[in-house]
Amino acid sequence: MSLRAGAKLGPYEILAPLGAGGMGEVYRARDSRLNRDVAIKVLPERFTQDSDALARFEREARAVAALSHPNILGIFDFAREGADVYAVTELLEGRSLREEIEAGPLPSRRAVDYAIQIARGLAAAHEKGIVHRDLKPDNVFVTRDGRVKILDFGLAKRVAVPSDVSAAATASNLTDPGTVMGTVGYMSPEQVRGRETDQRTDIFSFGAILYEMLSGRPAFKRDTAADTTSAILNQEPPELAETGRNVSPALDRIVRHCLEKNPERRFGSAGDIAFDLEAFAQGSASSAASHPAGRVRAAVGRNALIAVLALAIPAAVLVTRRLSRPTPFAFHRLTFSRGTITGARFAADGQTIVYSAAWNGNPSKLFSTHLTNPGSSPLDVPDATLIAISTSNELAVGLHMQPVNSLYSAGTLARVPLSGGLPREVLDDVAFADWAPDGSELAVVHIVGGKTRVEYPIGKVLYETGGWVSHIRFSPDGKLLAFLDHPASSDGGTVSVMDLSGKKRDLAGGWESAEGLAWMPGGRGIYATGTRFGSASKVYQFTLSGKEQLLLPTPGSVRMLDVSRDGRMLASEDDWRAEISALGPGQTKERDLSNLDYGQVRFITPDGSLISMDESGEGGGEDGAVFIRKTDGSPALRLGAGSAGGLSPDGKWLASGNNDGTQLVLFPTGAGQPVVMPCGTMNCAFPQFLPDGKRLVFLGVEPGKGRKIFIREVPAGAPRAISPEGVAFTTVLTPSPDGKWIAALGRDGRPTVFPVDGGAPRPVPGTEPREAPMQWTPDGRVLYVTHSLGSRLQVFKVDVESGRRELWKEISAPDPAGVNTLLRIFPTPDGRAYAYTYIRLLSTLFEVDRVR
């Protein structure tokens, strides 16, 4: 509906309409809080009624808000006022690049000026893992002072429009492989074919825009959309010289390099394009002067007030950053057994390497090897994981390491000389540690009361979080600690540094997964391994100012382990898989229910006929994928994106969460639309239905607080905490058959039952810390409790009143090699069927030379 001048939307007062279209109405408004004029776009009703689309807009608006760059339109707010959903952006004066081109070809100098700014904006977005996928002259704005702004990071892709090229048709918003999306005439060949896209798709579209700026005509436009897409796939645009324009051959080569049909042959990054264009601008005889950064020029053409919303960004994509001079790397394989590398460090001489590994299904043990003498020798420290080595060759090891959850393990920190001897135990419940450069003290990641602490020296808390911290490392000068800071529900997070007073700052975030970290020689920056999509981690380099670039572009997944003083690296090549095995009702033999590459079972129906599962690796896509699958081996059915939870008692709904913890979602298992339940400021995950089918229980973290267990009505109830703050991390919350109790992990990490209607939680007698309650028997008197032994899982039946305990089953993976964690088992209440997940990691240790 139209808004009149003087109307209010939150703190914004409508001043005047600016325009309207299929994507909503745009108004000039006054921000009463900051006394500035802004642009407000009110979304059409069809978007506000689509809960899935609206939730994605909100999530992606936050991603755009993180792109603070002068060549990208800034977003200030995204809110709801009654039935109106609106977004607030900066107000721009000028006109679109489309309007400029319609007035005729641009002079080469102006086209290069605009192109450099577009490339800089794209580079900033790509650095954050964001790919535009709908770059075209209509989505580029030129302000009165010559500043270029990239607009509309995807909202238009949510509209079904005609296929007429002249209308700049925008295709479907679906992002699955096989779905065509983008604007006809500017799509890359891979977009036209519905294949996966990355930053090189934007580079192709950029080339089409630069061609059009220089020639005054589209690169591929034909009479019909079909002919246009055929031209994109099979034809080259006319030579720029044929358009009657005097274009430098060097500039023409840049355009052609962007428009390569094969993405492998295009520029590797937008930063590369900006670099080459700047070099061209500085060296071109046709330029009156070199291009100064931030140059202010006279406005071109008529003035206009235009506001365009930049929303609906594709989820994060792993981005290859430009290396100014690629350096070759030499890989030297150091291990040859089948299993998992659990830690590795250079000894003080820089030639001896100490590592720990779980070979052929055995517990983790310590080994040493030497670069000049291939082969490994075991060290006489049983069942130990290497954590760190001091400059005096004293080892910090983890003893009796057990999974805290599916994400990391903790155990007893101990010290032992490299030359041998008995370990001297230091501290329990330690996940990671590192020696200070002088070898005098250890900084530790300590699990206390359901929270994770960074302590240095031991006992002095520098940082505490309801999430978890990994791979802590001292800087060479001992003044800073670097680590990976993770949310409670995933191994994603940020690369962070902190001084010894506890002042912390984040260098890079938005990781789907992050594992492994080391300082660059001399403390110039940090190397870390991670990915913003899927599970294939790469090695990145970060300056302390936060500048990031891909360092080691390997085809598989790599984990950073250590860097020597002269810059040689220890890294493992990791093949990760999460696999599922199940015994269905009436079956006598377990069946492999693994689906893609990293599937985890989250729930089994009481009759054992159906499981819920999710895929969080490469196969699950950028947002993860939720499935249901029958235990008879029938194919899995994909319901949507996110992380799976439990099924409703009637089997009609599957509760799930999205990967960033901002919302819970109910997916229909049959016909129907998903129901989205935003979590507000809370991070929420792992929902399960209560037996009444009307309420959900889930794990939540409020800002600045520890984890709690919450109950909420579906679909619109307010969350209500039923546990104290600081409960231990768990991915399984188990309601009792009568719905009066939730079995989970208490603050001490022991199985505990929490009353739904209020009252004190009760630890389950006869259980131990980090054992996990997974299911109730039908009478509600006994819990199935799992006890992890690494590659084996024991399941006990424990009476919740008396603590009487009996072994029900012991589970081992069918093939133990590389399986060091059986995550969880879901038995049916009667124990006649079950399903479980195990993680397999096959690693090979390499030394990597010539790291710079």
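No experiment lies behind these values; they were computed from the predicted model shown. (Residues numbered from 1 in each chain as written. Predicted model: local features only at pLDDT ≥ 70, side-chain atom pairs only at ≥ 80, totals over all residues. Heavy atoms only, no water.)

**So, the pattern of salt bridges**
Going by this rule: Think of a salt bridge as a Lys or Arg side-chain nitrogen and an Asp or Glu carboxyl oxygen that are within 4 Å of each other. Only protein chains enter the calculation, and the probe is 1.4 Å; a residue is then buried if its accessible area is under 20% of its type maximum, exposed if over 50%, and partly exposed in between.
In this structure the tally under the stated criterion is 39 salt bridges. As a salt-bridge pair, Lys-136 and Asp-134 come within 3.7 Å of each other at their nearest N and O atoms. Across this residue pair, the class does not change: Lys-136 and Asp-134 are buried. Ionic pairing is found between Arg-792 and Glu-810, a salt bridge with its closest N-O pair at 2.7 Å.

**Some thoughts on the packing of aromatic side chains**
Filter applied, for reference: Ring pairs shown here join Phe, Tyr and Trp side chains whose ring centres sit within 6.5 Å, with only the six-membered ring taken for Trp; geometry is labelled stacked below 30 degrees between planes, edge-to-face above 60, and tilted in between. Each helix is a run of H or I in the DSSP string that is no shorter than four residues. Each strand is a run of E no shorter than two, and both are numbered from the N terminus.
Going through the model one piece at a time under the given rule, you end up with 16 aromatic pairs. An angle of 85° between the planes, with centres 6.1 Å apart, marks the rings of Trp-808 and Tyr-834 as edge-to-face. With Trp-808 in strand 53 (residues 805–812) and Tyr-834 in strand 55 (residues 834–849), this pair connects stretches of sequence that are 26 residues apart. Seen from their ring centres, Tyr-834 and Tyr-836 are 6.3 Å apart, and the 25° between their planes marks the pair as stacked.

**A word on the sheet that holds strand 42 (residues 683–689)**
Put simply, the rule reads: Any two strands with at least two DSSP-identified bridges between them are counted as paired.
Strand order in the open sheet formed by four strands is 42-43-44-45, and the pairing between neighbours is antiparallel. Either end of the sheet is taken by a strand with one partner, and the two such strands are strand 42 and strand 45 (720–721).

**Quick notes on helix 4 (residues 108–127)**
For the record, the criterion: For a helix, the expected span equals 1.5 Å multiplied by the number of residues minus one.
Along its 20 residues, helix 4 runs 28 Å from first to last C-alpha, staying within 8% of the 28 Å computed at 1.5 Å per residue. Of all 20 residues in helix 4, 16 are buried; the element is thus mostly enclosed. Looking one or two places after helix 4, you find Gly-129, whose phi comes out positive at around 80°.

**Concerning the confidence of the model for the protein chain**
Quick note on the threshold: Every residue is assigned a pLDDT by the predictor, reflecting its confidence on a scale from 0 to 100. Residues count as neighbours in contact if any of their non-hydrogen atoms are within 4.5 Å of one another.
For the protein chain, per-residue confidence averages 84 on the pLDDT scale, and 87% of positions sit at 70 or higher. The low-confidence segment residues 155–180, where pLDDT is below 50, has 74 contacts with residues more than four positions distant or belonging to other chains.

**Considerations on the nonpolar core**
This is how the line gets drawn: Here, nonpolar core refers to any group of buried Ala, Val, Leu, Ile, Met, Phe, Trp, Tyr and Cys residues whose side-chain atoms link them within 4.5 Å.
The biggest cluster of nonpolar side chains holds 49 residues, and the ones touching the most others in it are Leu-97, Ile-118, Phe-206, Leu-210, Met-213 and Leu-277. Ignoring any residue separated from it by four or fewer positions in sequence, one finds Leu-210 in contact with Ala-111, Ala-115, Val-255 and Leu-277.

**Considering the sheet that holds strand 46 (residues 734–735)**
Spatially, four strands are ordered 46-47-48-49 in an open sheet, and the strand pairing comes out antiparallel. The open sheet is flanked by strand 46 and strand 49 (762–763), the only strands paired with a single partner. Relative to strand 49, strand 48 (residues 751–755) runs antiparallel, the two being bridged by two bridges. Each bridged residue has a counterpart across the sheet, and for Thr-752 the counterpart in strand 49 is Pro-763.

**Topic: the packing of helix 6 (residues 199–215) against helix 8 (residues 249–258)**
Applicable threshold: Angles run from 0 to 180 degrees between N-to-C directions of axes, and those axes are lines fitted to C-alpha atoms, restricted for helices to the stretch in contact. In this scheme the crossing of two helices becomes right-handed for a clockwise turn of the near helix relative to the far one and left-handed for an anticlockwise turn of less than a right angle. Charged residues are taken to be Asp, Glu, Lys and Arg, nonpolar residues to be Ala, Val, Leu, Ile, Met, Phe, Trp, Tyr, Cys and Pro, and polar residues to be all remaining types, Gly included.
Across the interface, helix 6 lies against helix 8 with an axial gap of 7 Å and an inter-helix angle of 145°. Viewed along their axes, helix 6 and helix 8 form a crossing whose handedness is left-handed. Residues Ile-203, Phe-204, Phe-206, Gly-207, Leu-210, Tyr-211 and Leu-214 of helix 6 touch helix 8, and the partners they reach there are Leu-251, Val-255, Arg-256 and Cys-258. Classifying every residue of the contact of helix 6 with helix 8 by side-chain character gives nine nonpolar, one polar and one charged.

**A closer look at the pairing of strand 14 (residues 365–370)**
Alignment of strand 13 (residues 352–359) against strand 14, held across six bridges, turns out to be antiparallel. Pairing of Ala-357 across the sheet is with Lys-365, part of strand 14. Between strand 13 and the antiparallel strand that follows it, strand 14, lie five residues; Asn-360 among them carries a positive phi value of about 55°. One ladder, built from three bridges, connects strand 14 with strand 15 (residues 373–378); its direction is antiparallel. The partner of His-370 across the bridge, within strand 15, is Asn-373. Linkage of strand 14 to strand 15, two consecutive antiparallel strands, is achieved through a turn of two residues.

**Quick notes on the environment of Pro-403**
Tracing the chain through its elements places Pro-403 in strand 17 (residues 394–403). Since its relative accessible area comes to 13%, Pro-403 is described here as buried. Setting aside its immediate chain neighbours within four residues, Pro-403 contacts Tyr-408, Ser-409, Arg-770, Ser-788 and Thr-821.

**Brief notes about the packing of helix 4 against helix 6**
To keep it simple, the criterion reads: Reported orientations rely on four angle classes, namely roughly parallel under 35 degrees, roughly antiparallel over 145, roughly perpendicular from 65 to 115, and oblique for the rest.
Running from amino to carboxyl end, helix 4 crosses helix 6 at an angle of 165°, the nearest separation of the two axes being 10 Å. Our classification of the angle between helix 4 and helix 6 gives roughly antiparallel. Classified by chirality, the crossing of helix 6 by helix 4 is right-handed. Between helix 4 and helix 6, the residues in contact are Ser-108, Ala-111, Tyr-114, Ala-115, Ile-118, Ala-119, Leu-122 and His-126 and Gln-199, Asp-202, Phe-206, Leu-210, Met-213 and Leu-214, respectively. For the contact of helix 4 with helix 6, the per-class residue count stands at 10 nonpolar, three polar and one charged.

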